[in-house]
Amino acid sequence: MRTRELARLIGTLGKLPRDQRKTVAAELSAMESCASSTDVIETGMPTRPDCPLCASRQIVKHGRCGGLQRFRCRHCNRTFNALTGTPLARLHLRGKWLGQAEALRDGLTLHQVCERLHVAQSTAFRWRHRFLALPQTVQARALIGIAEADEMYYLHSCKGQRHGIGRPARKRGGKAAKRGLSGEQVPVLIARDRIGNTANFVLGAVTAQEIRTVLRPILPADTVLCTDGGTALAAAARHLDVEHRPVNLSRGIRVQGAWHVQNVNAYGSRLRNWMIRFKGVATKYLANYLGWFRALDRSPRFSPDPVQLLALAVRV
Ligand SMILES: [Zn+2]
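First things first, this report covers the structure right here in the doc. Given the structure is predicted, the values throughout are model-derived calculations rather than measurements.

Observations concerning unusual backbone geometry
Excluding glycine, residues mostly carry a negative phi; peptide bonds, for their part, are mostly trans. We note that Asn77 has phi near 70°; this positive angle belongs to a residue other than glycine. Counting through the fold element by element, Asn77 comes out in the loop between strand 2 (68-73) and strand 3 (79-80). Look at Asp241: it is not a glycine, yet its phi comes out positive at around 60°. Mapped onto the elements of the fold, Asp241 is located in the loop between helix 7 (231-238) and strand 8 (243-246). Taking the C-beta count within 10 Å as the criterion, Asp241 has 13 such neighbours and is therefore assigned partly exposed.

Here's what the structure looks like:
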């Protein structure tokens, strides 16, 4: 638009009544937010990406759709954009995605998200789980130096599922019928090194074999593993080909020089506190929440920029 036409448009805006000016301002702000989301989504995308559907390199640009660059694969003839193959593909209202990332960071309830973003509860629910899906991949591939491992337990929950749960429904976030460990508890193994690389595993059962299977790939041979000497964990550690330093908490010994599990315990209590706001999470989504917490906990002051969070949700 030419400068003179722009000046005329701005002049016209000045004549609008206040409520219409507010409508225009809201419209502009939504457009700006949508453009910001698009920038985040497309940042780092190669100019000629490989086809996510058939991995071919014969790619041509194919116009823009919904503000995003569209590509066409000459091999399989299908089109794609930066969101194809990510959990955010085909979600609407991109202008509100940064707001959604912010809402997750702030730990808002679904009800609060609906109010803040003016979206339906079903949308808020879908967004939450699509956004939660990716940080799961932000899992340490290897722990370095001294690593600590510990288990935590979550109540098995079929939240949101109405049929076939095989027992009477519990009140929100309720308690297990039996005390202590039982089939109602879902074990989670947390492994973390002293520089903050963290991995979590939702286990089927706390057996030495299962623990070994998940820990072995992330523990290089020169790692020293500290555990609280819990039976299965200690048994697993003995067969992991790494140096194992059990700390005997039952005898009141918490720290033996550099050997302790205080780092992983502190992480566990931060995680427990953060989870309280969700009032019990469905077991099938547990790994998603754990992944999201890993992303939050890595950020300074526990407050990552929504832009980083959105980027995390679209990077595979
Ligand atoms: Zn293709």
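Back to the write-up after that little detour.
What to know about the sheet that holds strand 3
Taking strand neighbours across the sheet as the criterion, the three strands line up as 1-2-3 in an open arrangement whose pairing is antiparallel. With partners counted over all chains shown, the strands left at the sheet margins are strand 1 (59-65) and strand 3, one partner each. Pairing between strand 2 and strand 3: two bridges, direction antiparallel. Residue pairing in the sheet places Phe71 in a bridge with Phe80 of strand 3.

Topic: the nonpolar core
Counting residues in each nonpolar core, the largest one holds 46 residues, and the members touching the most others are Ala101, Ala149, Leu189, Ile190, Ala191, Leu310 and Ala313. Excluding anything up to four places from it in sequence, Leu189 contacts Ala149, Glu151, Asn200, Phe201, Leu203, Ile211 and Val214.

Structural notes on the sheet that holds strand 8
If you walk across this open sheet you meet the five strands as 6-5-4-7-8, and the pairing is mixed. Both edges of this open sheet fall to strand 6 (198-202) and strand 8, since each of them pairs with a single strand only. Each adjacent strand pair in this sheet contributes to an overall mean axis angle of 25°, direction not counted. Pairing of strand 7 (residues 224-227) with strand 8, which is carried by four bridges, proceeds in the parallel orientation. Within strand 8, the position partnered with Thr227 by the bridge is Pro246. Together, strand 4 (146-155), strand 7 and strand 8 form the strand contacts of helix 7, whose direction differs from that of strand 7 by roughly 165°. Most of the contacts of helix 8 (residues 262-276) go to strand 4, to which it runs at about 30°, and overall it touches strand 4, strand 5 (185-193) and strand 6.

Parameters and conventions
Residues numbered from 1 in each chain as written. Predicted model: local features only at pLDDT ≥ 70, side-chain atom pairs only at ≥ 80, totals over all residues. Helix = DSSP H or I, 4+ residues; strand = E, 2+ residues; numbered from the N terminus. Buried ≥ 20, exposed ≤ 12 C-beta atoms within 10 Å, placed from the backbone. Pairing = 2+ DSSP bridges. Core = buried A, V, L, I, M, F, W, Y, C linked by C-beta atoms within 7 Å. Contact = placed C-beta atoms within 7 Å. Axes fitted to C-alpha atoms, helices over the stretch in contact; angles between N-to-C directions.

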